[in-house]
Amino acid sequence: VTQNRSDLEDLHLYATPREQRFRRFASLEFEGQLYMTPHDFIQAVTSDEPKRARKWRSLSKQELNQILTETPPVWKGSSKLFRNLNEKGVISYTEYLFLLCILTKPHAGFRIAFNMFDTDGNEMVDKKEFLVLQEIFRKKNEKRERKGDEEKRAMLHLQLYGYHTSTNSVLKTEGEDLVPRSYWDTLRRSTSQALFSDLAERADDISSSLSDTTLLVHFFGKKGKAELNFEDFYRFMDNLQTEVLEIEFLSYSNGMNTISEEDFAHILLRYTNVENTSSYLENMRCRIPEEKGITFDEFRSFFQFLNNLEDFTIAMQMYNFASRSIGQDEFKRAVYVATGVKLSPHLVNTVFKIFDVDRDDQLSYKEFVGIMKDRLNRGFRGYKPIQRYTTFKSCVRKELYSR
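Owing to the predicted nature of the structure, the values given are computational and were not obtained by experimental measurement.

Undergrad: How do you make sense of helix H19 (residues 345-355) when you look at a structure like this?
TA: Three or four residues apart is the spacing at which side chains of an α-helix point the same way, because the helix has 3.6 residues per turn. Most of H19 sits inside the fold, with nine of its eleven residues counted as buried. Taken as a whole, H19 has its buried residues at His346, Leu347, Val348, Thr350, Val351, Phe352, Lys353, Ile354 and Phe355.

Undergrad: I keep staring at the environment of Gly77 and nothing clicks. Help me out?
TA: Relative to the helices and strands, Gly77 is located in the loop between helix H3 (61-69) and helix H4 (81-85). Taking the C-alpha atoms as reference, Gly77 lies 9.6 Å from Leu240; in sequence the two are 163 residues apart. Not counting residues up to four positions away in its chain, the partners in contact with Gly77 are His218 and Asn239.

Undergrad: In this structure, what is going on with the packing of helix H17 (residues 309-318) against helix H20 (residues 365-376)? I would like to understand it.
TA: Angle between the axes and distance between the axes are the two parameters that describe a pair of packed helices. For the pair H17 and H20, the least separation of the axes is 11 Å and the interaxial angle reads 170°. With respect to each other, H17 and H20 are oriented roughly antiparallel. For the pair H17 and H20, contact is made by Leu309, Phe312, Thr313, Met316 and Gln317 and by Tyr365, Phe368, Val369, Met372, Lys373 and Leu376, respectively. Looking at the contact of H17 with H20 residue by residue, the classes come out as eight nonpolar, two polar and one charged.

Undergrad: When you look at the packing of aromatic side chains in this model, what are you seeing that I'm missing?
TA: The description of two aromatic rings rests on the distance between their centres and on the angle between their planes. This model, assessed by the stated rule, comprises 31 aromatic pairs. With a centroid separation of 5.4 Å and an interplanar angle of 75°, the aromatic rings of Phe249 and Phe296 are classed as edge-to-face. Within this pair, whereas Phe249 is found in helix H13 (residues 230-253), its partner Phe296 is found in helix H16 (residues 296-306), the two being separated by 47 residues in sequence. Judged by its relative accessible area of 4%, Phe249 falls in the buried class. Here Arg111 stacks its cationic end above the ring of Phe230, 3.8 Å away from the centre of that ring. Between Lys342 and the ring centre of Tyr336, over which it is positioned, the NZ or CZ distance is 5.3 Å.

Undergrad: In this structure, what is going on with the pattern of salt bridges? I would like to understand it.
TA: Where charged atoms from two side chains of opposite charge approach closely, those side chains can pair. Evaluated as defined, the whole model comprises eleven salt bridges. Glu70 is the partner of Lys88 in a salt bridge, and the nearest nitrogen-oxygen pair spans 3.8 Å. Placement of the pair is Lys88 in the loop between H4 and helix H5 (93-103) and Glu70 in the loop between H3 and H4, with a sequence separation of 18 residues. Since its relative accessible area comes to 48%, Lys88 is described here as partly exposed. For Glu70, a relative accessible area of 39% corresponds to the partly exposed category. For the salt bridge of Arg83 with Glu246, the shortest nitrogen-to-oxygen distance reads 2.5 Å. Of the two residues, Arg83 sits in helix H4 while Glu246 sits in helix H13, which places them 163 residues apart along the sequence. Connected through shared salt-bridge partners, Arg83, Glu243 and Glu246 make up one network.

Undergrad: What should I look at first to understand the side chain of Asn307 in this one?
TA: Residue position: Asn307 is located in the loop between H16 and H17. The contact partners of Asn307, leaving out residues within four places of it in the chain, are Leu103, Thr104, Lys105, Pro106, Gln241 and Leu376.

Undergrad: Which parts of the structure should I look at to understand the confidence of the model for the protein?
TA: Predicted coordinates in regions of low pLDDT should not be interpreted in detail. When pLDDT is averaged across the protein, the result is 77; 73% of the residues are at 70 or more. Counting contacts from residues 381-403, a segment whose pLDDT is below 50, to residues more than four positions away or on other chains yields 50 contacts.

Undergrad: Please clarify how unusual backbone geometry should be interpreted in this entry.
TA: Only a minority of non-glycine residues have a phi that is not negative, and only a minority of peptide bonds are not trans. You will see that Asn86, though not glycine, has its phi angle at about 55°, which is positive. Assignment of secondary structure puts Asn86 in the loop between H4 and H5. Of note in this structure, Glu123 is not a glycine but carries a positive phi near 65°. Taking relative accessible area as the criterion, Glu123 reaches 42% and is therefore assigned partly exposed.

Undergrad: Would you explain the environment of Thr242 in this entry?
TA: With respect to the helices and strands, Thr242 occurs in helix H13. For the pair formed by Thr242 and Arg300, sequence separation is 58 residues and the distance between their alpha carbons is 7.6 Å. Each residue touching Thr242, except ones within four places of it in the same chain, is listed here: Ser79, Phe296 and Arg300. Within the structure, the side chain of Thr242 is placed 2.7 Å from the side chain of Arg300, a separation counted as a polar contact.

Undergrad: I keep staring at helix H8 (residues 150-161) and nothing clicks. Help me out?
TA: Spanning twelve residues, H8 covers 16 Å between terminal C-alpha atoms, matching the ideal 16 Å at 1.5 Å per step. If you check which residues of H8 are buried, you get Arg153, Leu156, His157, Gln159, Leu160 and Tyr161. All buried residues of H8 fall inside an arc of 165° around its axis, so they share one side. Downstream of H8 by a residue or two, Gly162 has a phi angle that is positive, lying close to 85°.

Criteria and cut-off values
Residues numbered from 1 in each chain as written. Predicted model: local features only at pLDDT ≥ 70, side-chain atom pairs only at ≥ 80, totals over all residues. Heavy atoms only, no water. Buried < 20%, exposed > 50% of the residue type's maximum accessible area, 1.4 Å probe, protein only. Helix = DSSP H or I, 4+ residues; strand = E, 2+ residues; numbered from the N terminus. Contact = heavy atoms within 4.5 Å. Axes fitted to C-alpha atoms, helices over the stretch in contact; angles between N-to-C directions. Parallel < 35°, antiparallel > 145°, perpendicular 65-115°, else oblique. Nonpolar A, V, L, I, M, F, W, Y, C, P; charged D, E, K, R; others polar. Phe/Tyr/Trp six-rings, centres within 6.5 Å; stacked < 30°, edge-to-face > 60°. Lys NZ or Arg CZ within 6 Å of the ring centre and 35° of its normal. Salt bridge = Lys/Arg side-chain N within 4 Å of Asp/Glu carboxyl O. pLDDT = per-residue confidence, 0-100. Polar contact = N/O pair within 3.5 Å; in protein donor to acceptor, adjacent residues only side chain to side chain. Expected span 1.5 Å × (residues − 1). Arc of directions from axis to C-beta.

Here it is as structure tokens:
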């Protein structure tokens, strides 16, 4: 049984951009609620649009149970988990938001995330504590809803959360709205014991009204009785970041150990608001005539740095470089001092050649950070179409360097 997307397309008018993207990539439906498969999620964070126009396929209870039965335990996780599960998994909308948060957070933030879920402070997270996530994200989302037809909004709630909710409920404490800019901040600001206790009282009701998902079974076992320790939680978050980076890297490497500097520039500029990327790309081509390539270790280290961009920004402000350009040595030192990440000289040189448009061997701090903040927030802002091609010259270079 399938349900055509066009039948409910008008619900898009009442959805936020995040909700719209989830609905566009989700391919499964169970008892009125939409789900992504692990493959859908990977596509949603690495592709501009779904590979093919799909319909929401309705799962039977038996099919869902079979999928969950085949879900591996958390100690069997790896950086290929989502690729191995492929279509055999279900991810809810609130879990989609949680996974997006993971992709943009530094490793130092993993402990904070774990402690936010560990409301009783016993160094373990159980299923009930994790389900509070559902309420926090739902309540934040109600503040962003578009006003309009009550019936349509109720249908949208059912699609995203699996149950009808009161649109009059808001997340408040002492009369103040808790509506920070990101879902991560929502979690961080909502971790007062009083608020969590209040929401935890509803966790049993929420649990009874929702179906298990791949993530819940992966973390807490098929019976939901297992508990999640920090080591397993950390490994899951690190593996997810690595997996998405591997997929992006491999999509350009064509089986090689490196990607071209030009491909690296394409990836960096992909989710940004840069209108004229050609000037950056042409600047880099002229200034790096001999291709050396970017390895996966260099690629990963740069995105680890981006996940620490806030700390880097603070360090740069302390260095008093906020209003002027900086050189490569200053940049590399600031990255290491602020984040502990060592960027290779070639990687730093490549970054400078991409962004040093006026060719004075200096990097405009404000412009660079502004563009990289766009790139960091993948999945939370608009998606910029990218030219998925490798130039003939780049192909020839790769062939020559492989010999």
